[in-house]
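Chain residues, written in single-letter form:
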Amino acid sequence: MKFFIDTADVEEIKKVHSWGLLSGVTTNPSLIAKSGREFTDVLNEICDIASDVESISAEVMSDDAEGMIKEAEPLVKISDKITIKVPMTIEGLKAVSHFAQHGIRTNVTLIFSANQALMAARAGASYVSPFLGRLDDISHDGVELVAQIARVFDLHGIDTQIIAASVRHPLHFTQSAEVGADIATLPYKVMEQMIKHPLTDQGITKFKEDWSKANQR
Ligand code: E4P
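Residues numbered from 1 in each chain as written. Predicted model: local features only at pLDDT ≥ 70, side-chain atom pairs only at ≥ 80, totals over all residues. Heavy atoms only, no water.

- Under an unreviewed UniProt entry, the name given to the chain is Probable transaldolase, and the organism recorded is Marininema halotolerans.
- Check the Subcellular location (unreviewed entry) section of the UniProt entry for the chain; it says "Cytoplasm".
- Of the comments in the UniProt record for the chain, the one headed Pathway (unreviewed entry) reads "Carbohydrate degradation; pentose phosphate pathway; D-glyceraldehyde 3-phosphate and beta-D-fructose 6-phosphate from D-ribose 5-phosphate and D-xylulose 5-phosphate (non-oxidative stage): step 2/3." (UniProt positions renumbered as here; feature names shortened; annotations may be inferred.)

1. Observations concerning the packing of aromatic side chains
At step 1: Tallying each qualifying case throughout the model produces four aromatic pairs.
At step 2: Ring geometry for Phe-3 versus Phe-173: centroids 4.8 Å apart, planes at 10°, classification stacked. One end of the pair, Phe-3, is in strand E1 (residues 2-6); the other, Phe-173, is in helix H9 (residues 170-179), and 170 residues separate them in sequence.
At step 3: A relative accessible area of 10% places Phe-173 in the buried class. (Phe/Tyr/Trp six-rings, centres within 6.5 Å; stacked < 30°, edge-to-face > 60°. Helix = DSSP H or I, 4+ residues; strand = E, 2+ residues; numbered from the N terminus. Buried < 20%, exposed > 50% of the residue type's maximum accessible area, 1.4 Å probe, protein only.)

2. Observations concerning the site of the ligand
At step 1: Taken together, Asp-6, Thr-26, Asn-28, Lys-85, Phe-131, Arg-134, Ala-165, Ser-166 and Arg-168 make up the full set of residues adjacent to the ligand.
At step 2: Take Asp-6: an N or O atom from its side chain is 2.8 Å from an oxygen atom of the ligand.
At step 3: One nitrogen or oxygen atom from the side chain of Ser-166 is found 2.7 Å from an oxygen atom belonging to the ligand.
At step 4: Alone, the ligand offers 340 Å² of accessible surface; in the complex the protein occludes 84% of this.
At step 5: The residue makeup of the shell around the ligand, split by class, is two nonpolar, three polar and four charged. (Near = heavy atom within 4 Å. Polar contact = N/O pair within 3.5 Å; in protein donor to acceptor, adjacent residues only side chain to side chain. Areas by Shrake-Rupley, 256 points an atom, 1.4 Å probe, with all protein chains shown as cover. Nonpolar A, V, L, I, M, F, W, Y, C, P; charged D, E, K, R; others polar.)

3. A short note on a nonpolar patch on the surface
At step 1: Taken together, Trp-19, Leu-21 and Ile-195 make up a surface patch of nonpolar side chains, about 270 Å² in accessible area.
At step 2: With respect to the element layout, Trp-19 can be found in the loop between helix H1 (10-18) and strand E2 (22-26). (Patch = residues over 30% accessible without salt bridge, like charges linked within 9 Å, V, L, I, M, F, W, Y side chains within 5 Å. Salt bridge = Lys/Arg side-chain N within 4 Å of Asp/Glu carboxyl O.)

4. Details of the sheet that holds strand E7 (residues 161-164)
At step 1: The strand order E1-E2-E3-E4-E5-E6-E7-E8 describes a closed barrel built from eight strands, whose pairing is parallel. On average, each strand axis in the sheet is inclined to that of its neighbour by 25°, with strand direction left out of account.
At step 2: Where E2 and strand E3 (residues 55-59) come together, three bridges link them in parallel fashion. From the neighbouring strand, Thr-26 faces E3, where its bridge partner is Ser-57.
At step 3: Those strands touched by H1 are E1 and E2, and its axis lies near 165° from that of E2.
At step 4: Running over the sheet, helix H3 (residues 39-49) touches E2, E3 and strand E4 (82-87) and is turned about 175° from E3. (Pairing = 2+ DSSP bridges. Axes fitted to C-alpha atoms, helices over the stretch in contact; angles between N-to-C directions. Contact = heavy atoms within 4.5 Å.)

5. Some points on the packing of helix H8 (residues 142-155) against H9
At step 1: With their axes 9 Å apart at the nearest point, H8 and H9 run at an angle of 20° to one another. Of the possible angle classes, the one that applies to H8 and H9 is roughly parallel. The element H8 and its partner H9 pack so that their crossing is right-handed. Contact residues: H8 offers Val-143, Val-146, Ala-147 and Ala-150, while H9 offers His-172, Gln-175 and Val-179.
At step 2: Among the residues making up the contact of H8 with H9, the classes are represented as five nonpolar, two polar and no charged. (Parallel < 35°, antiparallel > 145°, perpendicular 65-115°, else oblique. Left-handed = near helix turned anticlockwise from the far one by under 90°.)

Right under this line is the structure:
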């Protein structure tokens, strides 16, 4: 199970990159808008900071395949780490197939069913992103979708990687890892929460107290 960070905040990416466990970055139009910066400026900076990761997702916004392909042209020139993030639509599938034929990696986003994941994979997607938090929000089981996609891909020998996305809390990560997601893309806050454990903090405090007592003797 690999860690991607889901953000367009370069300071967050710098911090997590320094931890030594980061395998990728995902952005989306909402996250770019939140950063208040120009899309390609942010992408260039992310590619500089995280030059050693597996993948940096940049989303295209056109409704038609032709537009998506045009939009992707300058993006893939930024770095060979750029993965084009494409929405799960008919036009998106056409674009994915085109990109696959041209050696450009894709992350098919807004996946809410195993059928969508299977179709994206067969069109040539490198990654599929089931949005588990948004399913949970409408009383569907997001983790079960990840599990179902993992079972289907395993059964049919599909090597498209599953990115558990729309992760809201540490338990989403644990459960996604258990059911076979390859990657989870996590907000910075969730990554920080995953590190913390009250017993770890208590243990450190106790060790420090005992150590200083012993060294006062
Ligand atoms: C994934 O690639 C998306 O950017 C992201 O996980 C969406 O999460 P949200 O549902 O919290 O917006």
